[in-house]
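Fold and geometry: a report
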Amino acid sequence: MRDEEFERLYEEHAAGLLAFLAYRTGDRALAEDVVADTFERVLRARRRFDPRRGSRKTWVYWIAINRLRDLQRSRQSEQRALTRIEPAAPSGVAELETIEHQDELTAALAQLSVEEREASALRYGGDLTVPEIARLQGERLSTVEGRVYRGLRKLRDLLDRPAP
């Protein structure tokens, strides 16, 4: 991949990747960081790209998803370490902060399975087609279709419920 090809790849996919990651994480700053990391890794690994294994788009998303997973594992590990050394918050404070920062969609997305949430995020946040998602995840097309369909159905049911 030459410099011009890399620039074209960035122009074609950076905005969609940012939208997917912002949708997936709910954190635009984190999404921007992951996009930057992703394209840095694409630039460094561009000689290893194999078009027989998938499109450039799915390759870029694969790198981004792996980077996001790495960051999430790292944050979880940091959080566990902090939990062990920090004194517990006064009763009720953590619950109030959690409630203040959750919105209806985030709460509904959290009720989906990890697979449904990721498939929906790739489809609607990342604007990937179902066949692209299937190739990216190494899953059968019907499996991915089912995850997207079930995820949407669950979201509709959760969001259509009247507030308690």
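Quick note: structure is the one above.
First, a word on scope: everything that follows refers to the structure included in this document. (Residues numbered from 1 in each chain as written. Predicted model: local features only at pLDDT ≥ 70, side-chain atom pairs only at ≥ 80, totals over all residues. Heavy atoms only, no water.)

1. Quick notes on the nonpolar core
If you look at the biggest cluster of nonpolar residues, it comprises 33 residues, and the most contacted ones within it are Leu17, Phe20, Leu21, Phe39 and Leu122. Of all the secondary structure elements, the ones that give two or more residues to this core are α1 (3-25), α2 (28-45), α3 (56-85), α6 (114-125), α7 (130-137) and α8 (141-160). Ranked by the residues each element gives to this core, the list is headed by α3, at eight residues. Setting aside residues up to four positions removed in sequence, Leu122 forms contacts with Phe20, Tyr61, Ile65, Asp127, Leu128, Ile133, Leu136 and Gln137. (Core = buried A, V, L, I, M, F, W, Y, C linked by side-chain atoms within 4.5 Å. Buried < 20%, exposed > 50% of the residue type's maximum accessible area, 1.4 Å probe, protein only. Helix = DSSP H or I, 4+ residues; strand = E, 2+ residues; numbered from the N terminus. Contact = heavy atoms within 4.5 Å.)

2. Considering the side chain of Thr38
When you line up the elements, Thr38 lands in helix α2. Assessed through its relative accessible area of 0%, Thr38 is described here as buried. Not counting chain neighbours up to four residues away, the residues in contact with Thr38 comprise Leu17, Val60, Ile63 and Ala64.

3. Structural notes on the pattern of salt bridges
Overall, the coordinates contain 11 salt bridges when judged by the stated rule. For Arg73, the salt bridge is made with Asp70, and the minimal N-O distance between the two is 2.6 Å. Residue Arg73 and its partner Asp70 are both found in helix α3; the two are separated by three residues, about one turn of the helix. The exposure class of Asp70 is partly exposed, given its relative accessible area of 31%. Salt bridges here are not isolated pairs; linked through shared partners, they connect Arg24, Arg69 and Glu118. (Salt bridge = Lys/Arg side-chain N within 4 Å of Asp/Glu carboxyl O.)

4. Quick look at the packing of α6 against α8
Put simply, α6 and α8 touch, their axes get as near as 8 Å, and they point 95 degrees apart. As far as their axial angle goes, α8 and α6 are roughly perpendicular. Seen from α6, the contacting residues are Glu115, Glu116, Ala119, Ser120, Arg123 and Tyr124; seen from α8, they are Arg147, Val148, Arg150, Gly151, Leu152 and Lys154. For the contact of α6 with α8, the per-class residue count stands at four nonpolar, two polar and six charged. (Axes fitted to C-alpha atoms, helices over the stretch in contact; angles between N-to-C directions. Parallel < 35°, antiparallel > 145°, perpendicular 65-115°, else oblique. Nonpolar A, V, L, I, M, F, W, Y, C, P; charged D, E, K, R; others polar.)

5. Regarding the side chain of Arg24
By secondary structure assignment, the location of Arg24 is in helix α1. According to the relative accessible area criterion, Arg24 is buried, its value standing at 18%. If near-sequence neighbours (up to four positions away) are discounted, Arg24 is found in contact with Leu68, Arg117, Glu118 and Ala121.

None of this, on its own, says anything about what the molecule does.
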